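What follows is each chain in one-letter form.
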Amino acid sequence: MLTVDFDRLGVGPGTQVIDVGAGAGRHSFEAYRRGAHVIAFDQDKEELENVSTMFEAMAAAGEAPEGAEAEAVAGDALALPYADGTFDVVIASEILEHVPADEAAIAELVRVLKVGGTLAVTVPRWLPERLCWLLSDDYHANEGGHIRIYKADELRAKVEARGMRFIHTHHAHALHSPYWWIKCAVGVEKTQHPAVSAYHRLLVWDMMSAPALTRTAEAVLNPLIGKSVALYFEK
């Protein structure tokens, strides 16, 4: 399930990509499939072990083009261990809402991006996120949880303040918003609640089958209730 539009990023063979806050690696895997030299960067070493294993499996299965490179690196997003202007593309998907010093993190994302390169940042959208916070404290009030709700123009201003040029925005994952509202309403820990289980099965079916009906429905609903907002900038 990708939040970032890779066609817009122009990721292809040889593109230098860093996925900051890579988590389980979904965006890193897509960059690798497209032939990029990708760094999956995160502070969670255990998660990165799984990402490394998947990179190896992809290489063994021929899922990445010859010449593509992939590495999982553990570290601090506030002190990226790379020189200025290292990467053609920097991705930071669903991480800034977790970071107390978000402006310092943004400065690092911009610093390691090449002039002419593209930065893609995604965060939970204000309205769906606000409803989740209203329905449940457990949704966000936990260690490593969401510490702020962004408005898109607020985030855009913080990135533009670093000298970046805003080029595009879109919303994503509208079908996921009701899932989280249901979870927050019944209790985020109640993963086996009938309503939660039923909706989860729907989402899994949608991701695996990508039927035209749900793809069309999500495209129509994304501008209204998309769970995430993605912003793209050029340096």
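Looking up the chain in an unreviewed UniProt entry gives the name Type 11 methyltransferase, with the organism given as Mycolicibacterium tokaiense.

Q: So what exactly am I meant to see when it comes to the overall build of the chain here?
A: Of regular secondary structure, the chain possesses nine helices and seven strands. Here the chain, with 235 residues, has 48% of them falling under the buried criterion. In the chain, of all internal contacts separated by at least 6 residues, the share reaching a separation of at least 24 is 76%. A total of about 11,300 Å² of accessible surface is found on the chain, and carbon and sulfur atoms cover 55% of it.

Q: I'm lost on the UniProt feature "domain: Methyltransferase type" (unreviewed entry) in the chain in this one. Help?
A: Under the local residue numbering, the UniProt record ascribes the feature "domain: Methyltransferase type" (unreviewed entry) to residues 18–120. The straight-line gap between the two end C-alpha atoms of residues 18–120 is 11 Å; of that span, 33% is helix and 29% is strand.

Q: What am I meant to see in the nonpolar core here?
A: In terms of nonpolar packing, the biggest core is built from 31 residues, with Val20, Tyr82, Val90, Leu96, Leu119 and Leu155 touching the most fellow members. When residues of this core are traced back to their parent elements, those giving at least two are strand S1 (16–20), strand S2 (37–42), strand S4 (87–93), helix H4 (102–111), strand S5 (113–124), helix H6 (152–160) and strand S7 (228–234). Aside from chain neighbours lying at most four places away, what touches leucine 96 is Asp102, Ala105, Ile106, Val121, Val123, Arg148, Tyr150 and Leu155. Counting residues in each nonpolar core, the second largest holds 22 residues, with Ala31, Ala40, Val51 and Ala120 among its members.

Q: Would you take a moment to explain unusual backbone geometry for this structure?
A: With the exception of glycine, most residues fall at negative phi, and the peptide bonds are largely trans. A positive phi angle is found at glutamate 94, which is not glycine, with a value near 60 degrees. Looking at the element boundaries, glutamate 94 is found in the loop between S4 and H4. If you check the backbone angles, histidine 173 has positive phi at about 65 degrees while not being a glycine. If you trace the backbone, histidine 173 turns up in the loop between strand S6 (165–172) and helix H7 (176–186).

Q: I tried to follow the state of the cysteines on my own but got confused; where do I start?
A: By definition, a disulfide links the sulfur atoms of two cysteines through a covalent bond. With the rule as written, the count across this model stands at zero disulfides. No disulfide involves cysteine 132; its nearest neighbouring cysteine sulfur is the one of cysteine 184, lying 4.0 Å away. According to the relative accessible area criterion, cysteine 132 is buried, its value standing at 0%.

Q: I tried to follow H4 on my own but got confused; where do I start?
A: Along an α-helix, residues three or four positions apart point the same way, because every turn accommodates 3.6 residues. Within H4, burial applies to Asp102, Ala105, Ile106, Glu108, Leu109 and Val110. Packing partners of the buried residues in H4 comprise S1, S4, S5 and H6.

Q: What should I look at first to understand the environment of alanine 70 in this one?
A: With respect to the secondary-structure elements, alanine 70 resides in strand S3 (residues 69–74). Separated by 63 residues in sequence, alanine 70 and tryptophan 133 have C-alpha atoms that sit 36 Å apart. With residues up to four places along the chain from it excluded, the contact list for alanine 70 reads Tyr32, Val38 and Phe55.

Q: What exactly am I supposed to notice about the pattern of salt bridges here?
A: Proximity of charged atoms lets side chains of opposite charge pair with each other. Counted by the stated rule, this structure contains 14 salt bridges. Where arginine 111 meets aspartate 84, a salt bridge forms, and the shortest distance between an N and an O atom there is 2.8 Å. Of this pair, arginine 111 sits in helix H4 while aspartate 84 sits in the loop between S3 and S4, placing them 27 residues apart in sequence. Here arginine 111 falls in the partly exposed class, since its relative accessible area comes to 22%. Arginine 111 is the partner of glutamate 108 in a salt bridge, and the nearest nitrogen-oxygen pair spans 2.7 Å. Here glutamate 108 and its partner arginine 111 are both found in helix H4, three residues apart, which amounts to about one turn of the helix.

Q: Where do I start with the packing of helix H5 (residues 126–135) against H7 in this structure?
A: Any two packed helices are characterised by how steeply their axes cross, that is the angle between the axes, and by the distance between the axes. For the pair H5 and H7, interaxial distance at closest approach is 8 Å and the crossing angle is 10 degrees. Classified by the angle their axes make, H5 and H7 are roughly parallel. Here Pro128, Leu131, Cys132 and Leu135 of H5 come into contact with H7, specifically with Ser177, Trp180, Trp181, Cys184 and Ala185. Tallied by class, residues from the contact of H5 with H7 come to eight nonpolar, one polar and no charged.

Q: Can you help me understand H6 in this one?
A: Buried within H6 are the following residues: Leu155, Lys158 and Val159. Projected down its long axis, H6 carries its buried residues within an arc of 95 degrees, all on one side. For H6, the secondary structure elements touched by its buried residues are H4, S5 and S7.

Q: Can you walk me through the side chain of histidine 170 in this structure?
A: Tracing the backbone shows histidine 170 in strand S6. A polar side-chain atom of histidine 170 sits 2.6 Å from a polar atom in the side chain of tyrosine 232. Not counting residues up to four positions away in its chain, the partners in contact with histidine 170 are Thr3, Asp5, Ser228, Val229, Ala230 and Tyr232.

Rules and cut-offs
- Residues numbered from 1 in each chain as written.
- Predicted model: local features only at pLDDT ≥ 70, side-chain atom pairs only at ≥ 80, totals over all residues.
- Heavy atoms only, no water.
- Helix = DSSP H or I, 4+ residues; strand = E, 2+ residues; numbered from the N terminus.
- Buried < 20%, exposed > 50% of the residue type's maximum accessible area, 1.4 Å probe, protein only.
- Contact = heavy atoms within 4.5 Å.
- Areas by Shrake-Rupley, 256 points an atom, 1.4 Å probe, with all protein chains shown as cover.
- UniProt positions renumbered as here; feature names shortened; annotations may be inferred.
- Core = buried A, V, L, I, M, F, W, Y, C linked by side-chain atoms within 4.5 Å.
- Disulfide = S-S within 2.5 Å.
- Salt bridge = Lys/Arg side-chain N within 4 Å of Asp/Glu carboxyl O.
- Axes fitted to C-alpha atoms, helices over the stretch in contact; angles between N-to-C directions.
- Parallel < 35°, antiparallel > 145°, perpendicular 65-115°, else oblique.
- Nonpolar A, V, L, I, M, F, W, Y, C, P; charged D, E, K, R; others polar.
- Arc of directions from axis to C-beta.
- Polar contact = N/O pair within 3.5 Å; in protein donor to acceptor, adjacent residues only side chain to side chain.

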